[in-house]
Amino acid sequence: MNDDDLRLDGNAAAGLLTEVFAVEMTTALGTCAHCGATNALGTVQVYVHAPGTVLRCPACTNVLMTIVRSHEHLHVDLSGVRRVEIAG
Amino acid sequence: MTWRVATIRDMREETASAKTLVLDVPDWPGHLAGQHVDVRLTAEDGYQAQRSYSIASAPEERMVALTVVRFADGEVSPYLVDEMRPGDELELRGPIGGWFVWDAHDGGPLLLVAGGSGLVPLMAMLRHRHAVASHVPARLLVSARRAEDLLYSAELAELAEADDGFELLATLTREAPAGWTGFTRRIDREMLEEVAWSPRELARTFVCGPTAFVEAAADALVGLGHDPALIKTERFGPTGGSET
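Residues numbered from 1 in each chain as written. Chains lettered and ligands numbered in written order. Predicted model: local features only at pLDDT ≥ 70, side-chain atom pairs only at ≥ 80, totals over all residues.

1. Details of the overall build of chain A
Right, on to step 1. Broken down by element type, chain A carries two helices and eight strands.
Right, on to step 2. Listing the helices and strands of chain A from first to last along the sequence gives α-β-α-β-β-β-β-β-β-β.
Right, on to step 3. A globule of 88 residues ought to have a C-alpha radius of gyration of about 12 Å, and chain A, at 12 Å, matches this closely.
Right, on to step 4. Counting across all 88 residues of chain A, residues that qualify as buried make up 41%. (Helix = DSSP H or I, 4+ residues; strand = E, 2+ residues; numbered from the N terminus. Rg over C-alpha atoms; globule rule 2.2 N^0.38 Å. Buried ≥ 20, exposed ≤ 12 C-beta atoms within 10 Å, placed from the backbone.)

Pasting the structure below:
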């Protein structure tokens, strides 16, 4: 197994993202704080084997979000995403 | 999104390593073809393991069907495939996802490209298309190692014989039986050029399978001139999801 096999996409984080945002998020658009690329969260790179779940920009690989679960808490770092647009 | 306790009503053997679990889920809100669920198992000592599984059944069916492929060194799939029995319960939450979905009202043509168990969510789309008697032109290109690894092969053959605009194409990458008339190599640009409609037809395209498979197929389609915005991809991980 190489690193490429560990790279999934936003669909793999859909359940976790719904825990955080309480709505369906794979259709939401996220704008990368580093390069400005805007993509549906279903299309971003996702690594689930890091401690926690890491979402990366598919254009520049900047970390968009990290979500780490510890005991009863979810620790969410959104510093890599400038803007999120949710359909509704 | 709440965890629900589902009861296994039936188990169907699909291949030597895959079974379909047919689940009765109380208060199931309904789903769209392409969505998945998270399944959670809890050991007696409280340890929990969680995985994502695509829904194989059409939204029109009353029960929710999940097809699970056993990974030999997996933590969850061997238990689901080998240990669970009808009448047993498991926890799930869903439906999950909204990007990798297709509804007959979205129209077509519909191009589906599946690697291995990546066929599962695409099968839900084909079952949905059939359940609502849609005649949207649809083509499935499915890749498996051997004929006996092909999921749903009898049902797919039946759907293809219905003469309602669905065409089935398959490739076997390791070993093909005598008389096999399909492809016998990994999916590549030439195969996709032969199978796909012209990019001008603006087919709604869904590609699902292991990461390397999905990226090779999607890149080839884009290289052939298909609009990336019409190509939706879902990558399956080696363990099918995250641990908690």
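Now, onward.
2. Here we look at the overall build of chain B
Right, on to step 1. Scanning chain B from N- to C-terminus turns up five helices and eleven strands.
Right, on to step 2. Relative to a compact globule of 244 residues, whose C-alpha radius of gyration would be 18 Å, chain B shows 18 Å and is just as compact.
Right, on to step 3. C-alpha atoms of chain B, sized along the principal axes, occupy 55 × 40 × 30 Å.
Right, on to step 4. Burial analysis of chain B (244 residues in total) assigns 45% to the buried set.
Right, on to step 5. Contacts in chain B between residues at least 24 apart in sequence constitute 71% of all its contacts with a sequence separation of at least 6. (Contact = placed C-beta atoms within 7 Å.)

3. Section: the domain arrangement of chain B
Residue and element names in this part refer to chain B.
Right, on to step 1. Domain boundaries in chain B define domain 1 (4–96) and domain 2 (104–236).
Right, on to step 2. Measuring from the centre of the C-alpha atoms in domain 1 to the corresponding centre in domain 2 gives 24 Å.
Right, on to step 3. Between domain 1 and domain 2, the residue contacts involve 16 residues of the former and 14 residues of the latter.
Right, on to step 4. In terms of residue class, the side of domain 1 that touches domain 2 is made up of eight nonpolar, six polar and two charged. (Domains from an automatic or database assignment. Nonpolar A, V, L, I, M, F, W, Y, C, P; charged D, E, K, R; others polar.)

4. Structural notes on the environment of B:Glu194
Residues and elements named next belong to chain B.
Right, on to step 1. Looking at the element boundaries, Glu 194 is found in helix H4 (residues 189–195).
Right, on to step 2. Judged by the 10 C-beta atoms lying within 10 Å of it, Glu 194 falls in the exposed class.
Right, on to step 3. Residues Glu 194 and Thr 173 lie 21 residues apart in sequence; the distance between their C-alpha atoms is 17 Å.

5. Points about the nonpolar core
Residue and element names in this part refer to chain B.
Right, on to step 1. Among the nonpolar cores identified, the biggest contains 87 residues, and Leu 66, Leu 112, Leu 122 and Ala 217 are the most heavily contacted of them.
Right, on to step 2. Among the elements that make up this core, the one with the highest residue count is helix H2 (residues 119–131) (seven residues).
Right, on to step 3. Not counting chain neighbours up to four residues away, the residues in contact with Leu 122 comprise Leu 112, Ala 114, Leu 140, Phe 206 and Cys 208. (Core = buried A, V, L, I, M, F, W, Y, C linked by C-beta atoms within 7 Å.)

6. Some points on the sheet that holds strand S4 (residues 48–54) of chain B
Right, on to step 1. In space, the six strands of this open sheet follow the order S4-S3-S6-S1-S2-S5 (chain B), with antiparallel pairing throughout. In this open sheet, the two edge strands, each paired with only one partner strand, are S4 and strand S5 (64–69) of chain B. Strand-to-strand twist in this sheet, taken as the mean axis angle between neighbours without regard to direction, amounts to 40 degrees.
Right, on to step 2. Of the strand pairs in this sheet, strand S2 (residues 18–24) of chain B and S5(B) are connected by six bridges, and their pairing is antiparallel. Bridge pairing in S5(B) links B:Thr20 to B:Thr67.
Right, on to step 3. Running over the sheet, helix H2 (residues 14–21) of chain A touches strand S3 (36–42), S4 and strand S6 (89–96) of chain B and is turned about 75 degrees from S6(B). (Pairing = 2+ DSSP bridges. Axes fitted to C-alpha atoms, helices over the stretch in contact; angles between N-to-C directions.)

7. Observations regarding the pairing of S2(B)
All names here are of chain B.
Right, on to step 1. Across the seven residues of S2, six count as buried, placing the element largely inside the fold.
Right, on to step 2. As judged from the seven bridges shared by strand S1 (residues 4–15) and S2, these two strands associate in the antiparallel manner. For Glu 13, the partnering residue across the bridge sits in S2 and is Lys 19.
Right, on to step 3. Count of turn residues in the S1/S2 antiparallel hairpin: two residues.

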